[in-house]
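Secondary and tertiary structure notes
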Amino acid sequence: EQLSTKYGIICLENNSTLVEQSDCLLFAIKPQLLQRVTELLKPTVQTIQPLIISIAAGVRSSDLDRWLGGGLAIVRVMPNTPCLVRAGASGLYANHRVTDLQRDQAESILRAVGITVWLKNEAQMDIVTALSGSGPAYIFRVIEAMEEAATRAGLERETSRLLAIETVLGAAKLAMESEDTPTELRIKVTSPGGTTEKGLQQLELGGIEQLFESAINAAINRSREMGDELGAET
């Protein structure tokens, strides 16, 4: 009742009743629960044949299709938490049964909370998961490190945190809106012999590129493992 009153949406107690009234279903539940939920809906879904959109991490479209009885148009999506502030980045993959109209429908839903990109093959979803799906956590960790370093150097913690957050926000906004690549932007802000150059030298000495490559590859591998584990469940 609260959801219905606040957001003006229709709330139903039974999932099958919902499916009967829908031409598009978006599954936004824990991956470990998806098989149990979808298999209960199989008979109704097979009758209605709605577009299926899944944001359940790691669950491959073939497994979801199997749980729902097969032959369905499915779009897999990997969004990220900045969707909460309409600054999300979502990767989408459509199986061969998805029509152009259904692609537009799926994209319009996700574009309400950020940018969208379509992937050529489903295997790329693991990379998107590691990059933009897990990426906010990497950036939060960078902000933590910048805040801590500035605080230890003598700034008040609140000031360090605000400056670190706004710096990351401003840099991302500039990278998004500028015609220059991130590499070109970095070069422009790095004066020879200046403070930025000295700071960047330390990051390079610390192996920043190798660290991020290791982090992303580890997340890719875990995403693949999750797909195997979830798909193997009976």
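Preceding this paragraph is the structure being described.
Structural notes, computed from the coordinates.

The rules behind these values
Residues numbered from 1 in each chain as written. Predicted model: local features only at pLDDT ≥ 70, side-chain atom pairs only at ≥ 80, totals over all residues. Heavy atoms only, no water. Salt bridge = Lys/Arg side-chain N within 4 Å of Asp/Glu carboxyl O. Helix = DSSP H or I, 4+ residues; strand = E, 2+ residues; numbered from the N terminus. Buried < 20%, exposed > 50% of the residue type's maximum accessible area, 1.4 Å probe, protein only. Axes fitted to C-alpha atoms, helices over the stretch in contact; angles between N-to-C directions. Parallel < 35°, antiparallel > 145°, perpendicular 65-115°, else oblique. Left-handed = near helix turned anticlockwise from the far one by under 90°. Contact = heavy atoms within 4.5 Å. Nonpolar A, V, L, I, M, F, W, Y, C, P; charged D, E, K, R; others polar. Phe/Tyr/Trp six-rings, centres within 6.5 Å; stacked < 30°, edge-to-face > 60°. Lys NZ or Arg CZ within 6 Å of the ring centre and 35° of its normal.

**Examining the pattern of salt bridges**
Two side chains of opposite charge can pair, provided their charged atoms sit close to one another. Under the criterion given, the structure shown has 14 salt bridges. One salt bridge in this structure joins aspartate 63 and arginine 66, with 2.7 Å as the shortest N-O distance. Of this pair, aspartate 63 and arginine 66 both sit in helix H4 (residues 61–67), three residues apart, roughly one helical turn. Owing to a relative accessible area of 11%, aspartate 63 belongs among the buried residues under this scheme. Looking at arginine 66, the relative accessible area reads 42%, which means it is partly exposed. When the shortest N-O distance is used, the salt bridge between arginine 161 and glutamate 147 registers 3.0 Å. Taken together, the residues arginine 161 in helix H8 (residues 157–177) and glutamate 147 in helix H7 (residues 135–153) connect sequence positions 14 residues apart. Accessibility expressed as a relative area gives 40% for arginine 161, which makes it partly exposed. For glutamate 147, a relative accessible area of 7% translates into the label buried. Connected via shared salt-bridge partners are Glu147, Glu148, Arg152, Arg157 and Arg161.

**Remarks on the packing of H7 against H8**
Interhelical geometry of H7 versus H8 gives an angle of 140° and a closest axis separation of 8 Å. Relative to H8, the element H7 is oriented oblique. Every pair of crossing elements has a handedness; the one defined by H7 and H8 is right-handed. Contact with H7, carried on its side by Ile139, Ile143, Met146, Glu147, Glu148, Ala150 and Thr151, involves Arg157, Ser160, Arg161, Ala164, Ile165, Thr167 and Val168 of H8 and no other residues of that element. Tallied by class, the residues present in the contact of H7 with H8 amount to seven nonpolar, three polar and four charged.

**A closer look at the packing of aromatic side chains**
On inspection of all chains with the given rule, the structure shows one aromatic pair. Relative to phenylalanine 212, the ring of tyrosine 138 has its centre 6.5 Å away and its plane inclined at 75°; by these criteria the two rings are edge-to-face. Placement of tyrosine 138 in helix H7 and of phenylalanine 212 in helix H11 (residues 208–232) is noted, with a sequence separation of 74 residues between them. On the accessibility criterion, phenylalanine 212 (32% relative accessible area) is partly exposed. Residue placement shows arginine 103 over the ring face of tryptophan 118; its charged tip is 4.0 Å from the ring centre.

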